[in-house]
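For reference, the chains in residue letters:
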Amino acid sequence: MGVARADPGAEGSGSTAGGPVLDRDEADRALARLGAEREAVETSLLALQDHAGRRLLEGAALTGTTAGRWRTTEADITRLWAYFDAYSAAVTEAREVRSRRRWPGREELAALTELLRGASVTVPGTPGGGPEAAVLAERLSLAELVDRMNTLYAESLAVVVAADAVWSALPARIDLLAAEQRRTKSLAGSVGVLPGEHPAGDDLERIGRVLTVLREQVVSDPLSFWVASDGGATPGAGRPDTRRYDREARALEEVRREIEAVLQVRQDAEARLARLRDVLSRADRTLAEARTARGEVLAKIAASEVPAVNGPPSALKEQVAAAADHRRHGRWHRLSPLLEALERRADDELERARASLTAVTAPLAVRAELRGRLDAYQAKVSRLGLAEDPVLAERYDAARRVLWSAPCDLRVAEEAVLRFQRAAAEALAPGGSDDGRGGA
């Protein structure tokens, strides 16, 4: 309500037993302020009476914290109206005293002073559990009565505003989330994500139950979902407690993303299975090439370690067949994680096959590199007119015989190529001669 108390004045033309007596001007100003104050109080009380939150509280089946506080608040609102009636009666009586004479005498001014400043208003006693409960009535000054009404009004308005804020914020949001939960549940059922068969189906069931209970609690006990602001001067300052709602909203979002992933699997399952089979086929062909190459290496390269070539794992092919079966029967929730695992394993299998082929053909690559090096040096020697050099010719022929023989001893071949390289380097050096080129 927050109305300012009327100050009937501190000085007067005389005095009464309770203090100085107001003069005529002071009494008139006090009565004017009291009239404005009465209108402000009445406006506030009518606004409280018409408040949507109060009407909802009055008609709701309340429980818990809200039920107890609303019983107290209803009694407080009834007392507020009783206080207002007493306040209005006191103001009316003071106006009647003032209207008796245009120029009031000392007797009228003393009566006005007592009405405006003294404990002149009788109100019902305040209920309580102690000895004061036996007091049926008490007398208050108008200023004290305004203080009493301000306190009761602020406490009552805080309850009404808090309940209305919770009801305005949470039930509609819970309903929207529940509708989203139902849509997600229907979508989940279309891809086989069902309670008891998939964790996401169980989560959807739990979220639905929690939202149903949460809405019932919010509707029947809104004040248990209200967080008051510390030290707030405004009645009902605070905010709705949305932590439980937010937790379920996050859980539903996680489930929704999981369902969308399953739906995506349904849309591109055939393409992913085709790619999976293609990767595994390439791995098989690479392993077959590695096995063929191993036989060639063993026939053409002597004294070389050639690793064995393992075949594709049979379990992987069985799982691919299981994935295809899941797709045929629409078991998308099972296909989704299986496809992801198979794609990783298929890529690993292709890399393993490529690594095996590289390891097996390494000796052939070494032989090819030695042949290329030998031919490059021979071409350089020929370009400079040294092809007929007997030492160079002899070492070139020796290296070539080793490199083009089968099986080829790579260690001997490498030594022969190095001997030819050294001889070529000496011949090509400025002032080079045959001396020193006949060594091993």
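The structure we're discussing is the one just above.
Note that the coordinates shown come from a computational prediction; the quantities given were computed from them, not determined experimentally.

Side note on the environment of Leu48
Mapped onto the elements of the fold, Leu48 is located in helix 1 (residues 24-50). Overall, the relative accessible area of 2% leaves Leu48 in the buried class. Through-space distance from the C-alpha of Leu48 to that of Val160 is 8.3 Å; in sequence the pair is 112 residues apart. If we ignore the near neighbours within four places in the chain, the residues touching Leu48 are Arg54, Ile77, Leu80, Tyr153, Ser156, Leu157 and Val160.

Examining the pattern of salt bridges
Going through the model one piece at a time under the given rule, you end up with 22 salt bridges. A salt bridge links Asp241 to Arg243, with the shortest nitrogen-to-oxygen separation between them at 2.7 Å. For Asp241, a relative accessible area of 14% puts it in the buried group. Overall, Arg243 belongs to the exposed group, its relative accessible area being 59%. We note a salt bridge from Glu415 to Arg422, for which the minimum N-O separation is 3.5 Å. One salt-bridge network, in which partners are shared between bridges, spans Glu253, Arg256, Arg257 and Glu260.

Observations concerning unusual backbone geometry
Omega for the bond connecting Ala406 with Pro407 falls within 30 degrees of zero, at -5 degrees, which places this linkage in the cis form. Here Pro407 shows up in the loop between helix 11 (390-403) and strand 8 (408-409).

A look at the nonpolar core
Ranked by internal contacts, the top residues of the largest apolar core, which has 111 residues, are Leu57, Tyr87, Leu145, Met149, Val218 and Leu276. Sequence-distant contacts of Val218, that is, excluding residues within four places in its chain, are made with Val166, Trp167, Leu170, Pro171, Ile174 and Phe225.

Thoughts on helix 11
With 14 residues, helix 11 should reach 20 Å at 1.5 Å per residue; the first-to-last C-alpha distance of 20 Å fits that figure. The inward-facing, buried residues of helix 11 abut helix 10 (362-383), strand 8 and helix 12 (410-428). One side-chain oxygen of the residue at the start of helix 11 lies 3.0 Å from the amide nitrogen of Val391, identifying that residue as Asp389.

With respect to the packing of aromatic side chains
Following the criterion strictly, the structure yields two aromatic pairs and no others. A cation sits over an aromatic face here: Arg371 above Trp404, 4.4 Å from the ring centre. Its guanidinium or amino end placed over the ring of Trp404, Arg400 lies 4.4 Å from that ring's centre, counting from NZ or CZ.

A word on the packing of helix 8 (residues 314-328) against helix 9 (residues 332-360)
In a pair of packed helices, the angle between the axes and the distance between the axes together describe the arrangement. The geometry of helix 8 relative to helix 9 is characterised by a closest axis approach of 9 Å and an angle of 150 degrees between their N-to-C directions. Taken together, the axes of helix 8 and helix 9 are roughly antiparallel relative to one another. Crossing of helix 8 over helix 9 shows left-handed handedness. Contacts between helix 8 and helix 9 pair Leu316, Gln319, Val320, Ala322, Ala323, His326 and Arg327 from the former with Trp332, Arg334, Leu335, Leu338, Leu342, Arg345 and Glu349 from the latter.

Cut-off values and rules
Residues numbered from 1 in each chain as written. Predicted model: local features only at pLDDT ≥ 70, side-chain atom pairs only at ≥ 80, totals over all residues. Heavy atoms only, no water. Helix = DSSP H or I, 4+ residues; strand = E, 2+ residues; numbered from the N terminus. Buried < 20%, exposed > 50% of the residue type's maximum accessible area, 1.4 Å probe, protein only. Contact = heavy atoms within 4.5 Å. Salt bridge = Lys/Arg side-chain N within 4 Å of Asp/Glu carboxyl O. Core = buried A, V, L, I, M, F, W, Y, C linked by side-chain atoms within 4.5 Å. Expected span 1.5 Å × (residues − 1). Polar contact = N/O pair within 3.5 Å; in protein donor to acceptor, adjacent residues only side chain to side chain. Phe/Tyr/Trp six-rings, centres within 6.5 Å; stacked < 30°, edge-to-face > 60°. Lys NZ or Arg CZ within 6 Å of the ring centre and 35° of its normal. Axes fitted to C-alpha atoms, helices over the stretch in contact; angles between N-to-C directions. Parallel < 35°, antiparallel > 145°, perpendicular 65-115°, else oblique. Left-handed = near helix turned anticlockwise from the far one by under 90°.

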